[in-house]
Amino acid sequence: MDVDYGKCWDTSKKSWKSTLILAYQSLGVVYGDLSISPLYVYKSTFAEDIHHSETNEEIFGVLSFVFWTLTLVPLFKYVFIVLRADDNGEGGTFALYSLICRHAKVSLLPNRQVADEALSTYKLEHPPETKNSSRVKLLLEKHKSLHTALLILVLLGTCMVIGDGLLTPVISVFSAVSGLELSMSRDHHQYAVIPITCFIIVCLFALQHYGTHRVGFCFAPIVMAWLLCISALGLYNIIHWNPQVYKALSPYYMVKFLKKTRKGGWMSLGGILLCITGSEAMFADLGHFSYAAIQIAFTFLVYPALILAYMGQAAFLSRHHHTIHKIGFYVSVPDCVRWPVLVIAILASVVGSQAIISGTFSIINQSQSLGCFPRVKVVHTNAKIHGQVYIPEINWILMILCVSVTIGFRDTKHMGNASGLAVMAVMLVTTCLTSLVIILCWNKPPILALGFLLLFGSIELLYFSASVIKFLEGAWLPILLALFLVTVMFVWHYATVKKYEHDLHNKVSLEWLLALGPSLGITRVPGIGLVFTDLTSGIPANFSRFVTNLPAYHRILVFVCVKSVPVPFVPPAERYLVGRVGPAAHRSYRCIVRYGYRDVHQDVDSFESELISRLADFIRYDWYKAHGIIDTCNEDDGSRSGASSGECRLTVIGTLDLSGTPAFELEENVQPASVSVGFPTVESVTDVIEMQPVERRVKFAIDNESEGDSRGEMDTLLQEELEDLYAAQQAGTAFILGHSHVKAKQESSVLKRLAINYGYNFLRRNCRGADVSLKVPPASLLEVGMVYIV
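Residues numbered from 1 in each chain as written. Predicted model: local features only at pLDDT ≥ 70, side-chain atom pairs only at ≥ 80, totals over all residues. Heavy atoms only, no water.

Spelled out, the test is: UniProt positions are given in the numbering used here, feature names are shortened, and annotations may be inferred rather than shown by experiment.
The name an unreviewed UniProt entry gives the protein chain is Potassium transporter, with Anisodus acutangulus as the organism. The protein chain has a UniProt comment under Sequence similarities (unreviewed entry) that states "Belongs to the HAK/KUP transporter (TC 2.A.72.3) family." Of the protein chain, the UniProt comment under Function (unreviewed entry) reads exactly: "Potassium transporter."

Here it is as structure tokens:
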């Protein structure tokens, strides 16, 4: 008993130690952007709309707004509520969307299967639904327009995150470098800050290909040093200049501020909201850390440091009303430490920029996985740490845009207006999606979700309105960028779904495939043919076109569907769904390979070898099951009646070792199975399997009576099929892909014809093809031309 107790206590101690280490590491990744906001908040707020006066009402009102905004949004909204809406530990816009799609049929992504709900990471609980929550669910599921609106909302939030990735490096580095103005003449300052800022931005993006784990090894110490630095400066300024500044934390000063400044005070909120830039990173980067680690780091270090920093600046400005003292961060820094603070500030701004750039790469990779972004090259920079990616095309485009914005805006005011609007748009999207999660996923009363939406939505709408009013003063940039990106992403997604619908309507029956043979002049050639398709059932039209033009196909035929499911990760043991297409003698199979939106896709060599291994495991399993050596408990044989003729049940093939005689029993690891069902018509863009997945409990046992002739015949047939598979592997593998051209129908509207005939086809021609994305060797590629009329 004592030993067990000691172990338990030691485990708890280790868990706390690891949590504290994660909290320390999160400083460099999560809080880089949020921690550098004191560099530019006061400067942006007092740019033109309001002026600092002798009464200190303006500076105290701004401090009160900053304090309550930091308290309500990052602390209450994110740390205590939104961070709990995780998707298997993952956060961000797509995590909320996947949660909603799993609890309500609102997804527009194709290939939806009930079998996917058997994934261990699907994490779908079924608590008792309240009457009101079920009404909201039915309302969402009933109207297809709401599905589209929800997707557009998610895409809008995604585009604003990308816009934030463009604007954060600009404003943070520019604000840090602008500290040189106190050590230079105005003429020299104008010609020094812009080139230095551009040089740092170029260097920052040039280092991205090394990966976050290499360029970011010193991030946490830098942010820690910066937080300690601004805390010490804040305490010094409070004690030295105005110890009574704490009174300004009262909400009374916000009311007083708005009464005095009126319209100017409302417009200045566009600068105040910059104090919460980077708050979304706490949720977006949740997968790299833990809820407890992010909560501890913010509550006990980042939040107090920021409050002290803003109070210190306000205390200094309350005693300096002369016009020669320009509003800004560096005026409150004593001359003796100004240069060291400048160096730490520049390093901290680079760290903050790195975090948002990495987040931009990650969210574009997720969008691409879910069919919402054109295919681009994704480089995984770390084999050990999951999710660290680098996208060359996006990296250089962002760099050019950042340099252009720096040269074009040239001041903190316009940069702050643009950055503020992007930040508030992302937060509004998160608030709306979290409200749906509260009702659909947490099954709370709608009144709680409405209260959450009204409380935080009203705050964010107030700040958002103050940003939108400055459309001509910089806020136009994120709006223009978001409109462009949403258009690109929606057109790509729309055409992808329409192609899937076309394939689903024009798929070929299994009887057609089984009828192919020497009587029709069709021959089987040595090797393995991997036919890639988006369909989870039936024979794709591109294969029938292939056989029509080239009357031969491979001895081993595998229809491969690489699909994304609305979960962040799919365990390797649950990735492959394998089944037969036709009888065993036909040597045709179907394999559905499932990936989550944050999974790393395998390269072609490992994918091919893994696929062959899973096929061999399935062949052994299928023969054992057919001859009664493997008993399946709790299997409803009646569920087979809905399956398409000749196409067998798909089985999850994971890490079970079936290479030898089965002599063990597996009771705990329940392997799910699914049924592939074809539909003659399609009511929506999803190929939904209506049957419930069958939980299969696999039991291995040796039956002495089966050791006769049937067992010998089974072993012979099994060996023949395995030999055919390995012989085909030695002969070579061919990858059969469709090369599509999409055209809009003649009767389509002008807008649709422009979007499909020019927009989508331009993107398709200039992005990476499916063969490049799958890393197919050119010598093994067979492309089948297909024209889609949508």
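Additional details are given in the paragraphs that follow.
### Focus on the pattern of salt bridges
This is how the line gets drawn: Every case where a carboxyl oxygen of Asp or Glu lies within 4 Å of a side-chain nitrogen of Lys or Arg is listed as a salt bridge. Comment: elements are numbered from the N terminus, with helices defined as DSSP H or I runs of at least four residues and strands as E runs of at least two. Accessibility here uses a 1.4 Å probe with only protein chains present; expressed as a share of the type maximum, an area under 20% marks a residue as buried, one over 50% as exposed, and anything in between as partly exposed.
Taken as a whole and judged by the stated rule, the model has 13 salt bridges. The salt bridge partner of lysine 260 is glutamate 57, with a shortest N-O separation of 3.4 Å. Of this pair, lysine 260 sits in helix α11 (residues 252-261) while glutamate 57 sits in helix α4 (residues 57-79), and the two are 203 residues apart along the sequence. For glutamate 57, a relative accessible area of 21% corresponds to the partly exposed category. For lysine 498, the salt bridge is made with glutamate 501, and the minimal N-O distance between the two is 3.3 Å.

### Re the packing of aromatic side chains
As a reminder of what qualifies: Working definition: rings of Phe, Tyr and Trp (its six-membered ring) pair if their centres are within 6.5 Å, and the pair is stacked with planes under 30 degrees apart, edge-to-face with planes over 60 apart, and tilted otherwise.
Scanning the model with the defined rule gives 20 aromatic pairs in all. Both rings, one in phenylalanine 65 and one in phenylalanine 257, keep their centres 5.8 Å apart while their planes meet at 70°; by these two values the pair is edge-to-face. On the criterion of sequence distance, the pair formed by phenylalanine 65 in helix α4 and phenylalanine 257 in helix α11 is long-range, its members being 192 residues apart. Here the two residues phenylalanine 65 and phenylalanine 257 agree in accessibility, since each one is buried. Taking 5.5 Å as the distance between ring centres and 90° as the angle between the ring planes, the aromatic pair formed by tryptophan 241 and phenylalanine 316 counts as edge-to-face.

### What about unusual backbone geometry?
Non-glycine residue asparagine 56 carries a positive phi angle of around 65°. Mapped onto the elements of the fold, asparagine 56 is located in the loop between α3 (41-45) and α4. Non-glycine residue arginine 410 carries a positive phi angle of around 65°. You can see arginine 410 is positioned in the loop between α16 (392-409) and α17 (412-440).

### Section: the packing of α11 against helix α12 (residues 263-272)
Our working rule: For helices, the fitted line uses only the C-alpha atoms of the stretch in contact; every axis is such a line through C-alpha atoms, and the angle between N-to-C directions lies from 0 to 180 degrees. Orientation labels follow simple angle bins: below 35 degrees gives roughly parallel, above 145 gives roughly antiparallel, 65 to 115 gives roughly perpendicular, and whatever is left gives oblique. Contact definition: two residues touch when any of their heavy atoms are within 4.5 Å. Gly is put with the polar residues, along with every residue not named as nonpolar or charged; the nonpolar set is Ala, Val, Leu, Ile, Met, Phe, Trp, Tyr, Cys and Pro, and the charged set is Asp, Glu, Lys and Arg.
One way to put it is that α11 packs onto α12 with a least axis distance of 5 Å and a crossing angle of 120°. Between α11 and α12, the crossing angle belongs to the class labelled oblique. Contacts from Phe257, Leu258 and Thr261 in α11 reach Lys263, Gly264, Gly265, Trp266 and Ser268 in α12. Of the residues contributing to the contact of α11 with α12, the split by class is three nonpolar, four polar and one charged.

### Some words on the packing of α17 against helix α18 (residues 446-468)
Two measures define how a pair of helices packs: the angle their axes make with one another and the distance between the axes. Running from N to C, α17 and α18 cross one another at 170°; their axes reach a closest spacing of 9 Å. As far as their axial angle goes, α18 and α17 are roughly antiparallel. From α17, Gly420, Leu421, Met424, Ala425, Met427, Leu428, Thr431, Cys432, Thr434, Ser435, Ile438 and Ile439 reach across to α18, where they touch Pro446, Ala449, Phe452, Leu453, Phe456, Gly457, Glu460, Leu461, Tyr463, Phe464, Ser467 and Val468. Per-class residue counts for the contact of α17 with α18 are 17 nonpolar, six polar and one charged.

### Side note on the state of the cysteines
Put plainly, two cysteines are in a disulfide when a covalent bond ties their sulfur atoms together. Condition: The term disulfide is used for any two cysteine sulfur atoms that are within 2.5 Å.
All chains considered together, the criterion is met by zero disulfides. Just so you know, cysteine 159 is unpaired, no disulfide at all, and the nearest cysteine sulfur is the one on cysteine 372, 10.0 Å from it.

### Digging into the side chain of glutamate 721
In plain terms, the rule: Contacts described as polar in this section are N or O atom pairs within 3.5 Å, which, within protein, must combine one atom able to donate a hydrogen with one able to accept it, while residues neighboring in sequence count only if both atoms come from side chains.
Mapping glutamate 721 onto the fold places it in helix α23 (residues 709-731). Only 2.7 Å separates the side chain of glutamate 721 from the side chain of tryptophan 623, close enough to count as a polar contact. Among residues more than four places away in sequence, those in contact with glutamate 721 are Arg580, Ala584, Arg587, Tyr589, Ile619 and Trp623.

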